[in-house]
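Chain and residue survey
Single-letter residue listing:
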Amino acid sequence: MADPAIPLWEVFIRSRSGLAHRHVGSVHAADVTMALQNARDVYTRRGEGLSIWVVPSNAITASDPADKDMMFEPTGSKIYRHPTFYDVPDEVGHM
Amino acid sequence: MYTQGLNNHDATANDTSANSERFQARIDAEERIEANDWMPKAYRRLLIRQISQHAHSEIVGMLPEGNWITRAPSLRRKAALLAKVQDEGGHGLYLYAAAETLGVSREELVDQLLAGRAKYSSIFNYPTLSWADIGVIGWLVDGAAIMNQIPLCRCSNGPYARAMIRVCKEESFHQRQGYEITLTLARGTAEQKAMAQDALDRFWWPCLMMFGPPDSDSQHSDISIQWKVKRFSNDALRQKFVDATVPQAHLIGLEIPDPALRFDEATGHWVYGQIDWDEFRQVLAGDGPCNRDRLAARRKAHADGQWVREAAMAYAEKRRARPAKLAA
Ligand SMILES: [Fe+2]
Ligand SMILES: [Fe+2]
């Protein structure tokens, strides 16, 4: 018989470069303290980060891939949201 | 990983031909298949099998090298070996996590391994008899693993591909430290050089077997390639490995234990002799030199850790209950 499931946590790490925390993977741990320790051991053995977040996996709500057209397609036609939509004279230079 | 509730919903989706066609079109367009995306049941099964076997291999692979940590010849070698073995444990964990996105639990997968129902790489059923084996394992076994894993970084399954990118970043240290050990022995005393040669003699053929059966009788190859789980055939990767490795051996004065080995000017490849596929099948079926030891060691480690897992869960439960009690 398999053991009862030890909770799953999603791991986010902020790298040195000052970027936002980024999802790197997941770990199993009984509680949040051990989740942080496991995340450090598993995902930062070579100085990959300066800060770790762990989030219970079941606390994440994901969009359904089946809805992706409805969710994201409407922005596809709104080309006026991009700078290249607008014409300015070349003499203006970089704008 | 991610929201696994949706995976269960996916598992019941019908493998209708329209869905399958759309799926293949996504694969052909080099899109990555993510945890909650629709996928054919057979694709899910193939990936669960492949990723879990890969994870088991990383975990069991810690045993032959772990055998030498306490006997490493210097502090430098010991620190490196310890770090390498710890990396392999990490690789196993990345991979179990990738498999879990497909709707299995790590507990189930570990259970399959301990029950003897899961396979892992045949190479880890060979013993590590001398310190030179640690050098040759890093150089050749990790070298072969790199050949195999680099194309997997472009695998159609997103979680598996991302795990492979992390793994590949860490592997090159493994191979270099192994080659450095082998090179040091090969340039040492006559006795040390003989040790290195002996290790190469024992590991060469099992390393060639790591790439799996010849293309002429591989069962899963075609569909794997169609689904872009695999990018190159077993024989193609094996040839790449031989071509890369033979000059490395010659450079440090070691002989490849294959009397038939020759360089073919016309193709630019090293042509190698006949692989003993009976030995491969025997090891895979459980009758290699160390199969029983490896499983016994994993079972013991799991059983010895039982109280720790239970205590951690009990402590977490107690902590959860505490604020409720205070409030009452
Ligand atoms: Fe590894
Ligand atoms: Fe490795």
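Since the structure is predicted, the reported quantities are computational estimates derived from the model, not experimental observations.

**Things to note about the overall build of chain B**
- Each helix and strand in chain B was counted, giving 14 helices and two strands.
- A compact globule built from 328 residues would reach a C-alpha radius of gyration of about 20 Å, and chain B, at 22 Å, matches this within 12%.
- By principal-axis analysis of the C-alpha atoms, chain B measures approximately 75 × 55 × 35 Å.
- Residues classed as buried in chain B amount to 50% of the 328 residues present.
- Counting only contacts in chain B whose residues sit at least 6 apart along the sequence, the fraction spanning at least 24 positions is 78%.
- As presented, chain B carries roughly 15,400 Å² of accessible surface, and 56% of it is formed by carbon and sulfur atoms.
- Within chain B, the 41 negative side-chain charges are centred at a point lying 7 Å from the centre of the 41 positive side-chain charges.

**Details of the overall build of chain A**
- Secondary structure assignment for chain A yields two helices and three strands.
- If you list the helices and strands of chain A from N to C, you get β-β-α-β-α.
- Taking 95 residues into account, the globule formula puts the C-alpha radius of gyration at 12 Å, and chain A, at 21 Å, lies well above it.
- Projected onto its principal axes, the C-alpha positions of chain A cover 70 × 35 × 15 Å.
- By the burial criterion, 24% of the 95 residues in chain A qualify as buried.
- For chain A, long-range pairs separated by at least 24 residues make up 41% of all intrachain contacts whose partners lie at least 6 apart in sequence.
- Within the structure as shown, chain A displays about 6,700 Å² of accessible surface, and the carbon and sulfur contribution to it stands at 59%.
- Treating the 9 positive side-chain charges of chain A as one cloud and the 12 negative ones as another, the clouds have centres 9 Å apart.

**A few points about the confidence of the model for chain B**
- In the predicted model, chain B carries a mean pLDDT of 91, and 92% of its residues have values of at least 70.
- Across residues 1-13 of chain B, where pLDDT falls below 50, the model places 38 contacts with residues more than four positions away in sequence or in other chains.

**Brief notes about the interface of chain A and chain B**
- At the interface, 27 residues of chain A touch 27 residues of chain B.
- Summed over both sides, the interface between chain A and chain B buries roughly 2,400 Å², with carbon and sulfur atoms accounting for 54% of that surface.
- Linking Arg-46 of chain A and Glu-170 of chain B is a salt bridge whose minimum nitrogen-to-oxygen distance equals 3.4 Å.
- The interface formed by chain A and chain B contains nine residue pairs in polar contact (both at pLDDT 80 or more).

**Considerations on the side chain of Asn-291 of chain B**
Residue and element names in this part refer to chain B.
- Looking at the element boundaries, Asn-291 is found in helix α13 (residues 291-304).
- At 2.7 Å, the side chain of Asn-291 forms a polar contact with the backbone nitrogen of Gly-288.
- Among residues more than four places away in sequence, those in contact with Asn-291 are Tyr-120, Asn-125, Val-283 and Gly-286.

**As for the nonpolar core**
- Tyr-43, Trp-204 and Phe-241 of chain B are the most contacted members of the largest nonpolar core, which totals 93 residues.
- Once residues lying within four places of it in the same chain are set aside, the contact partners of Phe-241 of chain B are Leu-140, Gly-143, Ala-144, Met-147, Trp-204, Cys-207, Leu-208 and Phe-211 of chain B.

**A few points about the coordination of the iron ion (ligand 2)**
Residue and element names in this part refer to chain B.
- Around the iron ion (ligand 2), the protein contributes the donor atoms Glu-88 (OE), Asp-142 (OD), Glu-171 (OE) and His-174 (ND1), which lie 2.0 to 2.2 Å from the metal centre.
- Between the four donor atoms coordinating the iron ion (ligand 2), the angles at the centre fall across 84 to 172 degrees, so the site counts as irregular.
- For the iron ion (ligand 2), the donor residues sit on a single chain with the sequence spacing E-x53-D-x28-E-x2-H.
- Note on Asp-142: relative accessible area 4%, which makes it buried.

**Section: the coordination of the iron ion (ligand 1)**
Residue and element names in this part refer to chain B.
- Taken together, the protein ligands of the iron ion (ligand 1) are Glu-58 (OE), Glu-88 (OE), His-91 (ND1) and Glu-171 (OE), with distances of 2.1 to 2.5 Å.
- In this structure, the iron ion (ligand 1) is coordinated by four donor atoms arranged in irregular fashion, with angles at the metal of 84 to 154 degrees.
- Written as a sequence motif, the donor residues of the iron ion (ligand 1) are E-x29-E-x2-H-x79-E.
- In this structure Glu-58 comes out as buried when scored by relative accessible area, which is 7%.
- Take Glu-88: its relative accessible area is 5%, and that puts it in the buried class.

What counts and how
Residues numbered from 1 in each chain as written. Chains lettered and ligands numbered in written order. Predicted model: local features only at pLDDT ≥ 70, side-chain atom pairs only at ≥ 80, totals over all residues. Heavy atoms only, no water. Helix = DSSP H or I, 4+ residues; strand = E, 2+ residues; numbered from the N terminus. Rg over C-alpha atoms; globule rule 2.2 N^0.38 Å. Buried < 20%, exposed > 50% of the residue type's maximum accessible area, 1.4 Å probe, protein only. Contact = heavy atoms within 4.5 Å. Areas by Shrake-Rupley, 256 points an atom, 1.4 Å probe, with all protein chains shown as cover. Lys, Arg positive; Asp, Glu negative; His and termini not counted. Charge placed at Lys NZ, Arg CZ, Asp CG, Glu CD. pLDDT = per-residue confidence, 0-100. Buried area = accessible area lost by both parts, 1.4 Å probe. Salt bridge = Lys/Arg side-chain N within 4 Å of Asp/Glu carboxyl O. Polar contact = N/O pair within 3.5 Å; in protein donor to acceptor, adjacent residues only side chain to side chain. Core = buried A, V, L, I, M, F, W, Y, C linked by side-chain atoms within 4.5 Å. Donors = N, O, S within 2.8 Å, 3.2 Å for Na, K, Ca; no water. Tetrahedral: all angles 85-135°; square planar, octahedral: opposite > 155°, others 65-115°.

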